[in-house]
Structure formats: structure tokens, C-alpha cells
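Chain residues, written in single-letter form:
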Amino acid sequence: MHTTNSLLSSRAADTRPAAATRASIAVVGVGPRGVSLIERLGAAIGVAQSAHPAQTPAPIDLHLVDDQQLGAGRIWRTDQTRTLCMNTLAGAVTLFTEPGATVEGPVREGPTMYEWVLLALDAARRAGIAATGDATSADPFVSADAAAGFAAHEHDASDTGTAGASHPTHALHSEQLAQISEAHRRVWVEHPADLTALSPVLDEMARTRPESNPTRALYGEYIRWCLDVALAWLPDNVQVHRHHARVVGLVAAGAEATGIGEIAGDDADILTLSDGERIRATATVISGGWLRNAPTVEEEALRLATHRHPELIWIAPDNPIDQPLENVPGGETALVRGTGMGFFDAMALLTIERGGRFEVTPETRSGLTYVAGGREPKLLVSSTRGYPFLPKSEYHSLPPKADLHRLGAVVRRLENEAAAEAQTDRLVGSIDFDAEVWPAIVRDAYEAHARTLARVRPQALLVDLTEIVHLIDTTPAEFAALDAALAPVIPNEDDRFHPDRLITPLAGIDTAPQTEASSADGRDVASAVEALTQLIGNRLVGDLHEAELGLDSPIKAGLWAFSAARKPSSVLGRGGRFTWESRCGRYHDLMSFGGMIGSGPPAFRSRQLLALIDAGLVHFVGAHPTLTIDEGGDSQGPAFELRSPTTGGEPLRARTLIDAWMHSPDVRISADPLLSSLRADARVRPHELRRADGTRLEGIAPDIDVATGLVVHADGELDARVHVAGIPLNELLGDAVISPMPGTDPTMLRETDRVARSLVAQGL
């Protein structure tokens, strides 16, 4: 990792293009982060040009390159099914900077996604634009309300009309519309969306609340509108070129002319696109998001097995909307690896998208009954933990701010120590997360649980809350020690906090029948799977109850503290500052456990899972699964086999395997042709991690100069033109995956501001 105290290193400043060459900036990957980069580029170009008001601005070419839908990108494209929803709330995402943000470029405000929804609905109502959608929702609990919601908006056709106000969602919209700031309104007024184009999603907009999980397609519409605004804000001397293609190679401009503007000594790169076009760029940023990796050894073996046995079907890891789930045979059993969001998405696509539906039935334990469409597979599901991600709390508002005062104090101390360290190289591997950071997180979580317990069930505590907090602070931050210390003052075990039971939810569980009978016929493993599925179903009922309690759940309060600790912890560890051992220890526990408890599905998805369990369409195999391939030497034929010690270790067979998850981008084995070409030319290297003894290791993120985003060459030199931003840097920078949340000075917007200013400094 390189760091610089100023915006640009001296090397970068020395390699700016000559004034005689035309400036040309390439943004490779135009999803949400690419859109933010364009907006920040416009702000940075404006600042640069305002410094020389007497000069006529030179023309600038801005190349936008993406083989997916510009603005929405691959994940959020607007033509996808409305079955899939965001894992972020409508009121908790924005692509605009806000007053108080620590960006160095100008703050340019704009509406949040929810405000954009309200402004679009209001404009559609005034214009008499009718909804053309089908009033369906990913959430079955609001589908019945959808048509009435937009009807209320349509009926209230005058500024002062009240007929629609009787509808509760419309009344809420009217109230919150009035609260949108003038600055945010002005952006809409000056750059209104195409309301006719939005008519298919107006019905969804009408039922959207701040705490709603919008469909991914609707978020894509918001991003595409933000792109339109960002392009409109560009200075007049910027000429935009759109390229619906991928970059398949990047090389430094040659010494001889090639017909695309190269000159001898040209300080630029040539980007080759998948359609054969070539682009000259004096600065480039790679903001491609979830870039794919080359197959692992296991994945190559699975691919070869499906070639040997065409009857075997393997759905490789990927974004669920891009997985060929239509190839999964209906009526057959499919093995599934993964119980996170990829699983919940695949579950929805294999049921709702195949004609099934969930009907609201309050008398069932899930509140739903699944009505089969007839083409569903039966899913046998496993993962490392073996337990599905927990449902998000139903706060009926935006999530609360977690009190992490102990963690905050530790972060401030370590950041101050880092700032005083003159040799930044010594910061790599300098923090033992397990010893220095984890104890503060554990104590913050236990206090959050205790405070909520004291509020909602004060009789559960035999002493004052202050004494409980004192015990938490004076007891070793180990789960067993804290439980033993708190047992005398919180005597009911069900009232105490047990996060360890969620870190390893199936630890010690073996549901296999304890008999000596042969299991060759599969009956023993089948009964073990049935017993485990019943156990998980019963626990899921409890998980949903805690989610329903929202702010009144002590368990959820403690878990929310763990989840909220991920962002400050990951940012603290930027640049490989955690030792390798602790990164693989409690930091790994925090990030994976935090994902399970804080990045799980909206509660309605968990209810759908429970309904599918009760319908006999989903069963659980257990934790720590192992996969083998039976080549079919016997009469049963070839099959994938999955085993878990939770259910006795006996094989479960199926001819279909679904890997319901996505790889983190890894620069060492990237399948992205652009990153691969940079690696082959030694223009990018993996960032560095270190063991406690100083041993150097390669990470998965590209090494960059944090202040600019410029990549670092294999020899340690800083590149003059190529930048990387976003998700591929998550291991290096931390907090690179989460969408920008209003009021939080989002990491993503600070990153795009830094990189945009460097693109302007390098490219102009």
C-alpha cells in the first residue's frame, strides 16, 4: 500500500500529459460507483477550470465503458425480475454528497432514493401519469396493498385534494414530501425523470416507505436518473462517449501513430474494447464492482465432471440473476451450498419465478402458505455454518445508531498512533485485532443487550444496570467468562446474551440416529436431515419473533452492535494493518458473523423460507459440508454427493448442484481481462499482508496509493494513469461494499471524490 500526505505523489505529478495532447478520461464500469465518479469528476473539473477563469477550457473526452446497462450495471439493471429486492432500505441510500461531508471537492446535494420516489410520485400524480405495473411485490405482505396505494395517489389529483389521504401510505408520503429540502427538490425540478418510462414501477413506488426494501430494478432506475443528473452537471467542454463493451486490454500508447490520436511520446494508454474499438485515455479508473475470478481447482473439477456426465448440472457461483437457474430441473432434488443472500435470491427465483406464490395465512407459523407452481425443485441446503442468515429487524423505521463507545475509543487511539508513525510501511501488520479491538466490540454488544433488557424486562436483572456494565467492563471479554459473571445477576439463561451460539449455531449437534443399522439405503441420513430441518425451522420461528420485536429485542440489540462494528473495524484495518493471524481469527469471525446477523434478508424472505420448509421443499444438510462426485459406476448413475457431520456424514445425492454465493474479487486470479492484462504487464500487484513475525503475504486486493487510487506496479512504483476504485479494494480499504447511507459521510463517496480529483490531475 502507498500513502501520500498530499493529494498526489511527486512521481504522479511529474507524469502529467503534455498540454498539447487532448485530455481523455475513461471510466470502466458504470454502476453506482461509476455514476458517483462521474458526478465527482464534474465537480473536480469545475474546480480545476475555475482556477484559470481567463483561459478557454480545453476539450475533454469522457469515455463511459460498460457491457451492461449504463448506470444500473450488472447487479441493478432495470430489466431484471421484480422478485429480487435490495438488501438496503429505500431511505438509507443516496448517491449525492451532503453538507458536512469530508470530501475535498464541492458538495452537490441531491435527493435520496426515497425522496426521489416521493418526488416522482408527486410529479406523476400532477401529470396524470398512470401506473402500468402489475402491483406485485417481492414482499407478499404488501402486495395486497399495492394497487390501493397507487390508486390513492391517482385519486388525489389536486394540490389540496384529500380523497387519497385516507390511505396510510399515501398520507405518509404527503407528510414526508413536504419535508424534502429545497436543495434536493431543486435537483428534481431541474432534471426531472421521464415519468412515462417510470410508469411500470409507479405502483411499487406508491407502496414504498423509508424502511422498505425496494426491488433491485427500482434502485437501478434511481441510479440511472443519478447518471442523467451527473452528466447534465458536467462542464460544457466535456464530450461524453458511451461504449457498450468490455475493456479487454490496456497498454501504454506506442511511439508510432495508429489513427486514434497517438503521437510520439504520448503520455496515455490505449484501451482495447471487446467490439474491437480502441480508446486513448490519459487517465483511467476501473470501477467494475464484483469482478469475476478464474475457476478454482474444485470448480474446474466440477466443470470437467459436467462435461464427462452431461446429465449433471452445476450452477457456478455468481450473481443470482446471472446464474442459469432455469437449468435446474423441476420436481428433482438439488444440492445447495450457501445460506446467505445468494441462497435467498435463488430460493425466490426457483419458486416465485416458476409460478409459485405465497399467500398470507396468519394462522401458520410463518404467516404464509406456499402454493406451488409445479416446477419447483426440492432443495437440500448446507453451508459452513449450516444455518440461514438471520432476518433483519423490523424497526418500521431506519435502523438505530449503535452505541460503540468502547470500540470508538480504541479506534481513535490506534488512528492517532498511526498518524504519528512516520514510516507508513511499519503500519502493515501492526494491530492484533484479537487483543486490541475485539474485546471492545464484545463489551459494547453485551452492554447493548443489557440496556435493552433493562428497559423491556427490568425484572430480569437482580442488580442495577450500572453494576451490570461494571461487570462487563471488568470481566475478560470472552463469552464463557461473561456468561459466568452475569449468571448471578441475570439468573434466567434465556435472558442472557449468547452470541457464541450464533457464531457456531450448529456446534455439537448431530441429528443422525444412533443405531447400528446399515445406512446404505439412505433412510438414516434422510431422518437426520428431517430432524435438523425441524430444529432449524423451530429456531427460525424464534428468529422471526426477535425480528418482530425490533427495538425491543435485547438479542437483536446486542447483535446489531456486532454488525455495526464491521465498518469501523474494517476501515481501521485498511492497508493490511491487522496481523494475518488476527485477520484470520476474530476479525474473520466478526465479518462473517456480522454478515449473518446484520446483512441477512428482510424478514418476509425468512418467512418465505419457513413456509417452504413447511411445504417440504427446503431441507437442511448441516454445517461444514464436503462435496464429492460419484462417477456412476453402479446402477444409480453419476451424482454430486454432499456430506455434513451434523447429519452423520452420510452422502446425500443429486444430479444438480447450486453454489448460491459470489466470490470476492481476487486480483491474483482475476478473470477480468483488463485486470489480467495489467497484472501480466506488471502494472498492478496484490497488496501486502503480514504475519505477526513480519512474514509478508499477498492479499486479494490490488495495491494502490490510498490518496489517489493509482495502482502500484510490481516493482513498487506508482502508475501514472490507471486507478482502481470500489469492491475489488474491500480487503485493502474496508467498507467498500456497502451502499452510501445518508448522514454517515459515506466511505464510497469519499473514495470517489479522491479518485475523481486524481483523474482530473492526471488526465488534464
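Residue positions are counted from 1 within each chain, in the order its sequence is given. pLDDT decides what is reported in this predicted model: residues at 70 or higher carry local features, side-chain atom pairs at 80 or more are listed and counted, and totals for whole chains, interfaces and linings draw on all residues regardless. Just so you know, side-chain values use all the structure's heavy atoms and leave hydrogens and water out.

### A closer look at the overall build of the protein
Then, in step 1: Only DSSP runs of H or I reaching four residues or more are called helices, and only runs of E reaching two or more are called strands; each is numbered from the N terminus. Helix and strand content of the protein: 26 helices and 21 strands.
Then, in step 2: Three labels apply to residues, based on accessible area from a 1.4 Å probe with only protein chains included: buried if under 20% of the type maximum, exposed if over 50%, partly exposed otherwise in between. For the protein, the residues scored as buried account for 56% of the 764 residues in total.
Then, in step 3: By definition in these notes, contact holds between two residues if any of their heavy atoms fall within 4.5 Å. Within the protein, contacts between residues at least 6 apart in sequence are counted, and of these 76% link residues at least 24 apart.
Then, in step 4: Counting every atom, the protein has about 30400 Å² of accessible surface; 53% of that belongs to carbon and sulfur. Each accessible area is a Shrake-Rupley estimate made with a 1.4 Å probe; only the visible protein chains count as cover when residues are assessed.

### Here's the deal with the sheet that holds strand β6 (residues 278-281)
Then, in step 1: Any two strands with at least two DSSP-identified bridges between them are counted as paired. The strand order β4-β5-β6 describes an open sheet built from three strands, whose pairing is antiparallel. Strands with a single pairing partner mark the edges of an open sheet, and in this sheet they are β4 (247-252) and β6. For this sheet the average axis-to-axis angle between neighbouring strands, irrespective of direction, equals 25°.
Then, in step 2: Across five bridges, β4 lies against strand β5 (residues 269-273) in antiparallel orientation. Across the sheet, Gly249 pairs through a bridge with Thr272, a residue of β5. Every axis in this analysis is a line fitted to C-alpha atoms, fitted for helices over the stretch in contact. Angles between the N-to-C directions lie between 0 and 180 degrees.

### Details of the packing of helix α14 (residues 438-456) against helix α15 (residues 465-474)
Then, in step 1: Running from N to C, α14 and α15 cross one another at 165°; their axes reach a closest spacing of 10 Å. Classified by the angle their axes make, α14 and α15 are roughly antiparallel. Between α14 and α15 lies a crossing of right-handed hand. Residue-level contacts link Arg443, Tyr446, Glu447, Ala450, Arg451 and Ala454 of α14 to Leu465, Ile468, Val469, Ile472 and Asp473 of α15.
Then, in step 2: Amino acids outside the nonpolar list (Ala, Val, Leu, Ile, Met, Phe, Trp, Tyr, Cys, Pro) and the charged list (Asp, Glu, Lys, Arg) are all regarded as polar, and Gly is one of them. Of the residues in the contact of α14 with α15, the class split is seven nonpolar, no polar and four charged. Comment on the angle field: the value is read as roughly parallel under 35 degrees, roughly antiparallel over 145, roughly perpendicular from 65 to 115, and oblique elsewhere. Crossing handedness is defined as follows: a turn of the near helix away from the far one that is anticlockwise and smaller than a right angle gives a left-handed crossing, while the clockwise case is right-handed.

### What about unusual backbone geometry?
Then, in step 1: You will see that His624, though not glycine, has its phi angle at about 50°, which is positive.
Then, in step 2: Assignment of secondary structure puts His624 in the loop between β13 (618-623) and β14 (626-630).
Then, in step 3: Look at His624 and you get exposed, because its relative accessible area is 52%.
Then, in step 4: Backbone geometry places Asp745, a non-glycine residue, at a positive phi of 50°.
Then, in step 5: Structurally, Asp745 can be placed in the loop between α25 (730-733) and α26 (747-763).

### Quick look at the nonpolar core
Then, in step 1: For our purposes a nonpolar core is just a set of buried Ala, Val, Leu, Ile, Met, Phe, Trp, Tyr and Cys residues, chained together by side-chain atoms within 4.5 Å. Counting residues in hydrophobic clusters, the biggest one holds 83 residues, and the most contacted among them are Phe343, Leu379, Val437, Ile468, Phe562, Leu609 and Ile658.
Then, in step 2: Here the element with the most residues in this core is α14; it accounts for nine residues.
Then, in step 3: In this structure Leu609 touches Phe343, Phe344, Met347, Pro388, Leu540, Val618 and Phe620, once residues within four positions along its chain are discounted.
Then, in step 4: Counting 65 residues, the second-largest nonpolar core is a separate cluster that includes Ala90, Ile180, Cys226 and Ala283.

### Here we look at the sheet that holds strand β16 (residues 652-654)
Two strands in a sheet stick together by hydrogen bonds in their backbones, pointing the same way (parallel) or opposite ways (antiparallel).
Then, in step 1: Taken in spatial order, the three strands make up an open sheet running β14-β15-β16, and their pairing is antiparallel. Looking at the sheet topology across the chains shown, the edges are occupied by β14 and β16. Each neighbouring strand pair of the sheet contributes to a mean axis angle of 25°, computed without reference to strand direction.
Then, in step 2: Inspection of the sheet shows strand β15 (residues 639-643) paired to β16 by three bridges, in the antiparallel sense.

### Details of the packing of α15 against helix α16 (residues 479-486)
Then, in step 1: Interhelical geometry of α15 versus α16 gives an angle of 150° and a closest axis separation of 10 Å. Our classification of the angle between α15 and α16 gives roughly antiparallel. Crossing angle aside, the handedness with which α15 passes α16 is right-handed. Touching Ile468, Leu471 and Ile472 of α15 are Leu482, Ala485 and Leu486, all from α16.

### Concerning the packing of aromatic side chains
Then, in step 1: Pairing of aromatic rings covers Phe, Tyr and Trp, the last counted by its six-membered ring, and requires centre-to-centre distances within 6.5 Å; plane angles under 30 degrees mean stacked, over 60 mean edge-to-face, and any other angle means tilted. In the structure shown here, the tally under the stated rule is 17 aromatic pairs.
Then, in step 2: Between the aromatic rings of Phe96 and Trp233, the centroid separation amounts to 5.9 Å while the plane-to-plane angle is 65°, which identifies the pairing as edge-to-face. One end of the pair, Phe96, is in the loop between β2 (60-65) and α3 (113-127); the other, Trp233, is in the loop between α9 (216-232) and β3 (238-243), and 137 residues separate them in sequence.
Then, in step 3: Taking relative accessible area as the criterion, Phe96 reaches 2% and is therefore assigned buried.
Then, in step 4: By way of ring pairs, the aromatic residues Trp76, Phe96, Trp116, Trp188, Tyr219, Tyr222, Trp225 and Trp233 are connected into one cluster.

### Some thoughts on the pairing of strand β17 (residues 656-659)
Then, in step 1: The two faces of β17 match: Thr656 and Ile658 on one face and Leu657 and Asp659 on the other face are all buried.
Then, in step 2: Direction of pairing for strand β8 (residues 313-315) relative to β17: parallel, over a ladder of three bridges. Paired with Ile313 across the two strands is Thr656, which belongs to β17.

### Brief notes about the pattern of salt bridges
Then, in step 1: By convention in these notes, a salt bridge is any Lys or Arg side-chain nitrogen within 4 Å of a carboxyl oxygen on Asp or Glu. Scanning the model with the defined rule gives 55 salt bridges in all.
Then, in step 2: The shortest N-O distance in the salt bridge between Arg337 and Asp659 comes to 2.7 Å. One end of the pair, Arg337, is in strand β9 (residues 333-337); the other, Asp659, is in strand β17, and 322 residues separate them in sequence.
Then, in step 3: Using a relative accessible area of 13% as the deciding quantity, one classes Arg337 as buried.
Then, in step 4: Residue classification places Asp659 among the buried residues on the basis of a relative accessible area of 0%.
Then, in step 5: The partner of Arg690 in a salt bridge is Glu688, with the nearest N and O atoms 2.5 Å apart.
Then, in step 6: Under the relative-accessibility criterion, Arg690 is labelled buried at 9%.

### Digging into the environment of Pro59
Then, in step 1: With respect to the helices and strands, Pro59 occurs in the loop between α2 (32-50) and β2.
Then, in step 2: Remark: the alpha-carbon pair of Pro59 and Arg22, spanning 37 residues in sequence, is separated by 7.0 Å.

### Some details on helix α22 (residues 586-598)
Then, in step 1: Under the 1.5 Å per step criterion, the end-to-end length of α22 is 17 Å for 13 residues, consistent within 8% with the ideal 18 Å.
Then, in step 2: Buried within α22 are the following residues: Tyr587, Asp589, Leu590, Phe593, Gly594, Gly595, Met596, Ile597 and Gly598.
Then, in step 3: Those residues of α22 hidden inside the fold are in contact with α13 (433-436), α14, α17 (500-503), α19 (554-564), α20 (566-572) and α21 (580-583). Helices are assigned an expected span. That span is 1.5 Å times one less than the residue count.

### Notes on the confidence of the model for the protein
Then, in step 1: You can read pLDDT as the predictor saying how much it trusts each residue, on a scale of 0 to 100. Of the residues in the protein, 89% reach a pLDDT of 70 or more, and the chain-wide mean stands at 89.
Then, in step 2: The low-confidence segment residues 3-20, where pLDDT is below 50, has 33 contacts with residues more than four positions distant or belonging to other chains.
Then, in step 3: Low pLDDT, under 50, characterises residues 261-265; the stretch is placed with twelve contacts to residues that sit more than four places away or in other chains.

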